[in-house]
Amino acid sequence: MKGLVFFLASLLPLLYVAQSSADLTVQISNIEHNSGLVQLGLYNDASMFPEVGKTYRMVRVKASGNKKLYTFKNLPIGRYALAIYHDENANNKCDTNFFGIPKEAYAFSNGIRPRFSAPSFKSCSFMLNADKAITIKLVY
């Protein structure tokens, strides 16, 4: 009996490791132009969202076709939010007009469409506790 208890107890760390991370697959839709790059900013800290350069993970993928798929691998279980934009001219920034409104397509997780300021982490965040797939539609 002691051997069985020891064996089962030795499996607990393996079970914890298996559940301590997950993959997040993001499908970006409504890409109207094949030029430039699509930048995905993944945040896990409300105080940093959606500040450029303060992402938890960031990736830039070539814009091609109407949809793009990207998977963030081995993310710790937790709360996340996404800020995405289509950098059509590949100048490494989301171009804005005089009033700060983006001139390039953008999107936030949970389909949040800000009106007069950047959305909050709370409104855009979602819980990642297992592998997850989400779709985000760019706004022009």
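Residues numbered from 1 in each chain as written. Predicted model: local features only at pLDDT ≥ 70, side-chain atom pairs only at ≥ 80, totals over all residues. Heavy atoms only, no water.

Peer 1: Can you lay out the pairing of strand β2 (residues 37-43) for me, pointing to particular residues and giving the numbers?
Peer 2: Counted residue by residue, β2 has six buried out of seven residues, so it is predominantly covered. Here β2 runs beside strand β3 (residues 57-62); their pairing, made up of six bridges, is antiparallel. Across the sheet, the residue bridging to G41 is M58, located in β3. The pairing of β2 with strand β5 (residues 78-87) spans seven bridges and is antiparallel. Residue pairing in the sheet places Y43 in a bridge with A81 of β5. (Buried < 20%, exposed > 50% of the residue type's maximum accessible area, 1.4 Å probe, protein only. Helix = DSSP H or I, 4+ residues; strand = E, 2+ residues; numbered from the N terminus. Pairing = 2+ DSSP bridges.)

Peer 1: Account for the sheet that holds strand β1 (residues 21-29), with residues named and values stated.
Peer 2: Strand-to-strand pairing in sheets goes through backbone hydrogen bonds, with the strands running parallel or antiparallel. The three strands lie next to each other as β4-β1-β8, forming an open sheet whose pairing is mixed. The outermost strands of the open sheet, each flanked by one partner alone, are β4 (68-76) and β8 (132-137). Taken over all neighbouring pairs, the strand axes of this sheet differ in orientation by 20° on average, direction set aside. Bridging between β1 and β4 involves seven bridges; their strand directions are antiparallel. Of the residues in β4, the one forming a bridge with A22 is L75. (Axes fitted to C-alpha atoms, helices over the stretch in contact; angles between N-to-C directions.)

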